[in-house]
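Understanding the architecture of this molecule
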There are 2 protein chains.
Amino acid sequence: MMTFQLHPHLQQDTVLIGKFALSQVLLMNDSQYPWCILVPQRAGLTEIYQLNQKDREQLQEESCFLAQQLATLYQADKMNIAAIGNLVAQLHIHHVVRYQTDKAWPAPVWGKFTAVPYSAEELAIQRQAVQAVLGDLLVARSQD
Amino acid sequence: MMTFQLHPHLQQDTVLIGKFALSQVLLMNDSQYPWCILVPQRAGLTEIYQLNQKDREQLQEESCFLAQQLATLYQADKMNIAAIGNLVAQLHIHHVVRYQTDKAWPAPVWGKFTAVPYSAEELAIQRQAVQAVLGDLLVARSQD
């Protein structure tokens, strides 16, 4: 039985918002788009279909809740939800807030532009804002 | 109450494989990658979270079944599953079979290269192959 460990690349590119029952909620450190990632805490998975039935339903609920809260908080024109994993195979699901005026629109954001990190202050502000709207489903939240 | 109608752009770019209980299953007419699209037959939706609870679970099951069957049929290195909708807002979920040797790898396929349509013969072969592995969940299948 393997223990779940967040992939080092995901750890490096994000900060932890908190944890839902199944997934870690990460904030991408890219100021170009509000962008969160769900990582189901199950070891060794690369595809959504590898989750059992209960986890699939839980992931769907966590994903829908996250997407709706981000869309409302950031007044998205469109949410982009994707499980890609060509570079980091560990199962993770992107939730990207898109605007018709953003830099990459209408192209997808992945592989388009190099990330532009937030300032430390702005990163803390974004994290707190997202934590606040996810409160209902968070079973743990990052304090640092 | 609006009636569901497939967006003309999706109709133009794909052929119908058949119908699951919730979604139409479309085959992208792009010979560069095995690529199917699920379109939940609910009018006026643009985001997964707009589906009710029952439809969300059904979509997750249809998506997982489709992804797993395509991964097996085409011996995928990775499945790319995404709801983007920046160009066609009607809710639709991409299921793209990816190989480390494909033209776009590791970039996502969307907006990368212009589609290269199948020949009529190859399109019929692909459609039948996908229909065959989706049999268990198809409630209707395209005959033309």
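Remember, it's a predicted structure, so these values are computed and weren't measured experimentally.

A look at the packing of helix α2 (residues 53-73) of chain A against helix α2 (residues 53-74) of chain B
It is at 10 Å that the axes of α2(A) and α2(B) come closest, and there the two elements cross at 115°. The two elements α2(A) and α2(B) cross, and the hand of that crossing is right-handed. Note on element contacts: α2(B) touches α2(A) through Q53(B), R56(B), E57(B), L59(B), Q60(B), E61(B), C64(B) and Q68(B), opposite Q53(A), R56(A), E57(A), L59(A), Q60(A), E61(A), C64(A) and Q68(A). Among the residues making up the contact of α2(A) with α2(B), the classes are represented as four nonpolar, six polar and six charged.

Structural notes on the packing of aromatic side chains
Within a pair of aromatic rings, the relevant descriptors are the distance that separates the centres and the angle that separates the planes. Residues and elements named next belong to chain A. Taken as a whole, this structure holds five aromatic pairs over all chains when the rule is applied. Between Y33 and W35 the ring centres are 6.1 Å apart and the planes differ by 65°, which places this aromatic pair in the edge-to-face class. Its relative accessible area of 1% is what places Y33 among the buried residues. Lying across the ring of F113, K103 places its NZ or CZ 4.3 Å from the centre.

Digging into α2(A)
Taking 1.5 Å of rise per residue, the 21 residues of α2(A) would be expected to cover 30 Å, and the 30 Å separating its terminal C-alpha atoms lies within 8% of that figure. Looking only at α2(A), the buried set comprises D55(A), R56(A), L59(A), Q60(A), E62(A), S63(A), C64(A), F65(A), L66(A), A67(A), L70(A) and A71(A). Looking at the buried positions of α2(A), the neighbouring elements they touch are β2 (23-28), β3 (35-40), β4 (78-83), β5 (93-98) and α3 (120-134) of chain A together with α2 of chain B. The N-cap of α2(A), judged by a side-chain oxygen 3.2 Å from the amide nitrogen of K54(A) a few residues on, is N52(A). Q75(A) sits one or two residues past α2(A) and shows a positive phi near 50°.

Cut-offs and rules
Along each chain, the written sequence defines residue order, and numbers are assigned to residues from 1. To read the labels, note that chains go from A and ligands from 1, taken in the order they are written. Given that this is a predicted model, residues contribute local features only at a pLDDT of at least 70 and side-chain atom pairs are listed and counted only at 80 or more, while totals for whole chains, interfaces and linings are drawn from all residues. Here the side-chain values reflect all heavy atoms present in the structure, with hydrogen atoms and water set aside. In this description, a line fitted to the C-alpha atoms serves as the axis of each element, helices being fitted only across the stretch in contact, and the angle between N-to-C directions of two axes falls anywhere from 0 to 180 degrees. A helix here means a DSSP run of H or I that spans at least four residues, while a strand means a run of E at least two residues long, and both kinds are numbered starting from the N terminus. In this scheme the handedness of a crossing depends on how the near helix is turned from the far one: anticlockwise by less than a right angle means left-handed, clockwise means right-handed. Residue contacts are defined here by distance: any two heavy atoms, one from each residue, within 4.5 Å place the two residues in contact. Gly is placed with the polar residues, together with every amino acid not listed as nonpolar (Ala, Val, Leu, Ile, Met, Phe, Trp, Tyr, Cys and Pro) or charged (Asp, Glu, Lys and Arg). Aromatic pairs are defined between Phe, Tyr and Trp rings, using the six-membered ring for Trp, whenever the two ring centres lie within 6.5 Å; interplanar angles under 30 degrees are classed as stacked, those over 60 as edge-to-face, and all others as tilted. The cut-offs for exposure are 20% and 50% of the maximum accessible area for each residue type, with area from a 1.4 Å probe on protein chains only; residues under the lower value are buried, those over the upper are exposed, and the others partly exposed. Note on criteria: charge over ring means Lys NZ or Arg CZ within 6 Å of the ring centre, with the direction from the centre no more than 35 degrees off the ring normal. To estimate the expected span of a helix, count its residues, drop one, and scale the result by 1.5 Å. Whenever a nitrogen or oxygen atom comes within 3.5 Å of another N or O atom, the pair is scored as a polar contact, on the condition that within protein one atom can donate a hydrogen and the other can accept it, and that pairs from neighbouring residues in sequence are kept only if both atoms are in side chains.

By themselves, these are just geometric observations and shouldn't be taken as functional.
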